[in-house]
Amino acid sequence: MSRKNLQNERRQQILNALHKRLLLKPFDQTSIKEIAEEAGLNHGMLHYYFKSKKEILLAYIDHSIDMYSALYADWLQENRDKCKRREDILSASLDFMTQKITFNRDLSRIFIEIWEIGNYNEKVKHKLKEAYREWISTASGFLADQLDDSEIAKQLSIAVVAISEGLSLLSIIFEDDEFAIEPLVKMLQSLLH
């Protein structure tokens, strides 16, 4: 295995380890030693790949957004010809985002904490802004092709992302028996038709 491949593999192990640790306890209570242990590395070796815990968090945000943006871009490409009307495009995009992102409780829990960190940390806030701009841009590019109106496409993309993130927050706060998210998504989709 080449040195570059090993570095990429180790960085990925560390990002996966951070993900697992954040499911157990908050970022500020997670030590770099715990992340290293989860990744199967010694504490000193982790610093070869990342200078600080905050650098790992920033890379985690990038990694998550890249992964989900790629999934969404692939999905959009596959479904480009299936959606002819504005309502169908918005409904299908909302459905994809809710199924892959909103209903992913682990991802939602972690990103709620990252939003909180972003309130007090400018680098994290900046990274989140980049992430949401990327997500909106990916959706907007597809919608602009379908709608022939880039401004409407951008506004619809912002709405889809905002709805998805709001539902994500609600899915964490409320238990399924208190507030059923899926029927709400279906109702919103039906209103689009």
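As the structure is a prediction and not an experimental result, all values here were calculated from the model. (Residues numbered from 1 in each chain as written. Predicted model: local features only at pLDDT ≥ 70, side-chain atom pairs only at ≥ 80, totals over all residues. Heavy atoms only, no water.)

**Q** What exactly am I supposed to notice about the overall build of the chain here?
**A** Assigned secondary structure in the chain consists of nine helices and zero strands. Ordered by position from N to C terminus, the α and β elements of the chain give α-α-α-α-α-α-α-α-α. Expressed along its principal axes, the backbone C-alpha trace of the chain runs to roughly 55 × 45 × 30 Å. With 193 residues in all, the chain has 40% of them scored as buried. At a minimum sequence separation of 6, the contacts of the chain that also span at least 24 residues come to 67%. In the form shown here, the chain has an accessible surface area of approximately 10,900 Å², with 52% of it arising from carbon and sulfur atoms. When the 26 basic and 30 acidic side-chain charges of the chain are each reduced to a single mean position, those positions are 7 Å apart. (Helix = DSSP H or I, 4+ residues; strand = E, 2+ residues; numbered from the N terminus. Buried < 20%, exposed > 50% of the residue type's maximum accessible area, 1.4 Å probe, protein only. Contact = heavy atoms within 4.5 Å. Areas by Shrake-Rupley, 256 points an atom, 1.4 Å probe, with all protein chains shown as cover. Lys, Arg positive; Asp, Glu negative; His and termini not counted. Charge placed at Lys NZ, Arg CZ, Asp CG, Glu CD.)

**Q** Please clarify how the nonpolar core should be interpreted in this entry.
**A** Taken as a class, soluble globular proteins show a tendency for nonpolar side chains to be buried jointly. In terms of nonpolar packing, the biggest core is built from 48 residues, with Ile14, Ile56 and Ile114 touching the most fellow members. Counting residues per element, the ones that place at least two in this core are α1 (3-22), α2 (32-39), α3 (43-49), α4 (53-79), α5 (86-102), α6 (105-120), α7 (122-147) and α8 (150-173). Among all residues touching isoleucine 114, those that are not within four sequence positions of it are Leu57, Tyr60, Ile61, Val124 and Leu128. (Core = buried A, V, L, I, M, F, W, Y, C linked by side-chain atoms within 4.5 Å.)

**Q** Even after reading the chapter, I still don't get the side chain of lysine 127, so can you show me in this structure?
**A** In this fold, lysine 127 is placed in helix α7. Discounting chain neighbours no more than four positions away, the residues touching lysine 127 are Leu58, Ile61 and Asp62.

**Q** Just to check I follow, could you spell out the environment of arginine 10 for this structure?
**A** Structurally, arginine 10 is set in helix α1. With a relative accessible area of 23%, arginine 10 lands in the partly exposed category. The residues touching arginine 10, leaving out its near neighbours within four places in the chain, are Leu41 and Tyr49.

**Q** Help me understand α8 in this model?
**A** Owing to its 3.6 residues per turn, the α-helix aligns residues three or four sequence positions apart on the same side. In this model, α8 (24 residues) spans 35 Å end to end at C-alpha, consistent with the 34 Å of a helix rising 1.5 Å per residue. Residues of α8 that are buried include every one of Ala153, Leu156, Ser157, Val160, Val161, Ser164, Glu165, Leu167, Ser168 and Ser171, and no others. Of the residues flanking the start of α8, the one acting as N-cap is aspartate 149, its side-chain oxygen 3.1 Å from the backbone nitrogen of glutamate 151. (Expected span 1.5 Å × (residues − 1). Polar contact = N/O pair within 3.5 Å; in protein donor to acceptor, adjacent residues only side chain to side chain.)

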